[in-house]
Amino acid sequence: MPPDVTTDVAILGAGPVGCTLALLLRQQGRNVVLVDGRKDPNASLRPAFRPLALSHASRLILERAGAWRGLATTPITDIHVSQQGGFGRTRMSAGDAGVPALGYVLEYQGLLDALRALAEEKGIPLESGPAHAELTVHAEGISDESESKEYRQEAIVAMVTTRPAAMSTAWERFTPEGPLALLPLGGHYGLVWGTSPWRARELCDASDESFLAELSRAFGRRAGEFAAAGARNRMPLALRLRRRRTGERSVFVGNAAQTLHPVAGQGLNLGMRDAWDLAQVLRGAGDPGETRSLLRFAALRRFDATATVRVTDFLAGAFLGGDPMSRLVRGFGLTALDTCPPARRFFARRMIFGASALP
């Protein structure tokens, strides 16, 4: 090992993806350091309450990292998809995909706290300064070397309460202004509502009564009567992709490689698959920073990342607008998916596992 190298792998960014990767590599006997010294330029834009929808594949990854037990999660057994102002709907169930649950909802901070506590228990240091390593993994967020697409939308994030209480169905409602998702969490719903920036500001500034009335108008009463709303926050939505996943003794995963629109909840799940595949590529590798291994990882992730980006980007734009012909086409599409079990199974499993299932 060169004299300036102090560890096998330094992971820049101690979020869920970085911590999960650290735990997987620690299981292999790697010396790993987590580095979290960079100030997040978007920290002030991130809502205090952040609901996450982890796929069943992400559950398997967390289980194999030893981090699943003890997490406070709500399973998603069904997902109901519809559009405002038009016919057609699709309902996908865990049975369609052959899994016990399509996903699991939990709060971001709860997941992060559990992962960091486990990393500390496993002797993985968390540092604030630079660390010299054979391999540097960037998991700290997107860099300037990225392609970007602004959706000219913001997401309203809040906890909402309904009567009756939320159970295990997640709801995705496409409105002319953007997608609206309700994620069941501990008897309540985590709301993620995409809309125009001016509309997001208006809704966040509205009284609780007015906000719930607008939410009911956009969503309807499928999930029950909207009874209460917690603090509302908003954040801008954009697609950002790094041009290259690898550099000299460096690799990019999670939000450092791609930041997605939240529709269909694919961003974190894609990052977790990044962490899993990188850990498998490095298993048994003598030199973790070897160019051949990093290029193999980039090739392995290319199809999954590209397909997921394209699907989420398509969904983010395909349901916008309220002209009758577009609503008609979308309605036929939702109906066709709902009446074709093989198509529902294929779509559900691709949203869960990405381009290929875990072994």
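Preceding block: the structure.
The following refers to the structure shown. (Residues numbered from 1 in each chain as written. Predicted model: local features only at pLDDT ≥ 70, side-chain atom pairs only at ≥ 80, totals over all residues. Heavy atoms only, no water.)

### Details of the overall build of the protein
Then comes step 1: Each helix and strand counted, the protein has ten helices and 18 strands in total.
Then comes step 2: Expected size for 359 residues packed as a compact globule is a radius of gyration near 21 Å; at 21 Å, the protein falls within 12% of this value.
Then comes step 3: Along the three orthogonal principal directions, the C-alpha set of the protein runs to about 65 × 45 × 40 Å.
Then comes step 4: Counting the 359 residues in the protein, one finds 51% classified as buried.
Then comes step 5: In the protein, 76% of the contacts between residues at least 6 apart in sequence involve partners at least 24 apart.
Then comes step 6: On the protein, roughly 16,100 Å² of surface is accessible, and the fraction owed to carbon and sulfur atoms is 53%. (Helix = DSSP H or I, 4+ residues; strand = E, 2+ residues; numbered from the N terminus. Rg over C-alpha atoms; globule rule 2.2 N^0.38 Å. Buried < 20%, exposed > 50% of the residue type's maximum accessible area, 1.4 Å probe, protein only. Contact = heavy atoms within 4.5 Å. Areas by Shrake-Rupley, 256 points an atom, 1.4 Å probe, with all protein chains shown as cover.)

### With respect to the sheet that holds strand S3 (residues 51-55)
Then comes step 1: The antiparallel open sheet is built from three strands, whose spatial order is S3-S7-S4. Taken across any chain shown, the strands that pair with only one partner, and hence form the sheet edges, are S3 and strand S4 (74-76). Sheet twist, expressed as the average angle between the axes of neighbouring strands with direction ignored, equals 30°.
Then comes step 2: Sheet analysis places S3 next to strand S7 (residues 103-107), joined by five bridges and oriented antiparallel. By the bridge assignment, Pro51 is partnered in S7 with Glu107. (Pairing = 2+ DSSP bridges. Axes fitted to C-alpha atoms, helices over the stretch in contact; angles between N-to-C directions.)

### What about the packing of aromatic side chains?
Then comes step 1: Under the criterion given, the structure shown has four aromatic pairs.
Then comes step 2: Here Trp68 and Tyr104 contribute two aromatic rings whose centre-to-centre distance is 5.1 Å and whose plane-to-plane angle is 75°, an arrangement assigned as edge-to-face. With Trp68 in the loop between helix H2 (56-64) and S4 and Tyr104 in strand S7, this residue pair connects regions lying 36 residues apart in the sequence. Tyr104 shares its class with Trp68; the two are buried.
Then comes step 3: Taking the centre distance of 5.9 Å and the plane angle of 85° together, the rings of Trp171 and Phe219 count as edge-to-face. Of this pair, Trp171 sits in strand S11 (residues 169-175) while Phe219 sits in helix H6 (residues 208-219), and the two are 48 residues apart along the sequence. As far as burial versus exposure is concerned, Trp171 and Phe219 are alike and both buried. (Phe/Tyr/Trp six-rings, centres within 6.5 Å; stacked < 30°, edge-to-face > 60°.)

### Re the environment of Val160
Then comes step 1: Position of Val160 among the secondary structure elements: in strand S10 (residues 146-163).
Then comes step 2: In this structure Val160 touches Leu182, His188, Tyr189, Leu191, Phe211, Leu215, Phe226, Ala228 and Ala229, once residues within four positions along its chain are discounted.

### Here we look at the pattern of salt bridges
Then comes step 1: For the structure on display, the rule yields 21 salt bridges.
Then comes step 2: The salt bridge partner of Glu150 is Arg240, with a shortest N-O separation of 2.9 Å. Of this pair, Glu150 sits in strand S10 while Arg240 sits in strand S15 (residues 233-242); the two residues are 90 residues apart in sequence, bridging distant segments of the chain.
Then comes step 3: A relative accessible area of 24% means that Arg240 is categorised as partly exposed.
Then comes step 4: Across the pair Arg245 and Asp274 runs a salt bridge whose closest N-O atoms are separated by 3.4 Å. A residue pair is termed long-range when its members are at least 10 positions apart, and Arg245 in the loop between S15 and strand S16 (246-247) and Asp274 in helix H7 (residues 267-282) qualify at 29 residues.
Then comes step 5: By relative accessible area, Asp274 is classed as buried at 0%. (Salt bridge = Lys/Arg side-chain N within 4 Å of Asp/Glu carboxyl O.)

### Some remarks on the pairing of S10
Then comes step 1: Strand direction decides the pairing type here: S10 and S15, joined by ten bridges, are antiparallel. The residue of S15 that forms the bridge with Ser146 is Arg242.
Then comes step 2: The sheet contact formed by S10 and strand S13 (residues 188-195) spans seven bridges and is antiparallel. Residue pairing for S13: Glu154 is matched across the bridge by Thr195.
Then comes step 3: Summarising the sheet, S10 and strand S14 (residues 225-229) pair through four bridges and their orientation is antiparallel. Bridging from a neighbouring strand, Arg163 pairs with Glu225 of S14.

### What about the environment of Leu315?
Then comes step 1: Locating Leu315 in the fold gives a position in helix H8 (residues 291-318).
Then comes step 2: Accessibility expressed as a relative area gives 13% for Leu315, which makes it buried.
Then comes step 3: For the pair Leu315 and Ala264, spaced 51 residues apart in the sequence, the C-alpha separation amounts to 8.3 Å.
Then comes step 4: Setting aside chain neighbours within four positions, we find Leu315 in contact with Phe174, Val263 and Ala264.

### Remarks on a nonpolar patch on the surface
Then comes step 1: Together, Phe87, Leu328 and Phe332 give the surface a local cluster of nonpolar side chains, amounting to about 290 Å² of exposed area.
Then comes step 2: Judged by its relative accessible area of 38%, Phe87 is partly exposed. (Patch = residues over 30% accessible without salt bridge, like charges linked within 9 Å, V, L, I, M, F, W, Y side chains within 5 Å.)

### What about the nonpolar core?
Then comes step 1: Ile11, Leu62 and Val137 are the most contacted members of the largest nonpolar core, which has 44 residues in total.
Then comes step 2: For Leu62, the contacting residues outside a window of four places in its chain are Thr20, Leu54, Ala67, Trp68, Leu71, Leu111, Leu115 and Met272.
Then comes step 3: Residues Val81, Ala94, Ala155 and Ile352 belong to the second largest nonpolar core, which totals 31 residues. (Core = buried A, V, L, I, M, F, W, Y, C linked by side-chain atoms within 4.5 Å.)

### Focus on H6
Then comes step 1: In a regular helix each residue adds 1.5 Å, so twelve residues correspond to 16 Å; H6 covers 16 Å between its end C-alpha atoms and thus fits that length.
Then comes step 2: For H6, the full list of buried residues reads Phe211, Leu212, Leu215, Ala218 and Phe219. The buried side chains of H6 occupy one side of the element, clustering within an arc of 125° when seen end-on. Facing away from the buried side of H6, by more than 90 degrees, are the exposed residues Glu209 and Arg217.
Then comes step 3: If you follow the buried residues of H6, they end up packed against S10, S11, strand S12 (178-185), S13, helix H5 (197-205) and S14.
Then comes step 4: Directly after H6, the chain includes Gly220, whose backbone phi takes a positive value near 90°. (Expected span 1.5 Å × (residues − 1). Arc of directions from axis to C-beta.)

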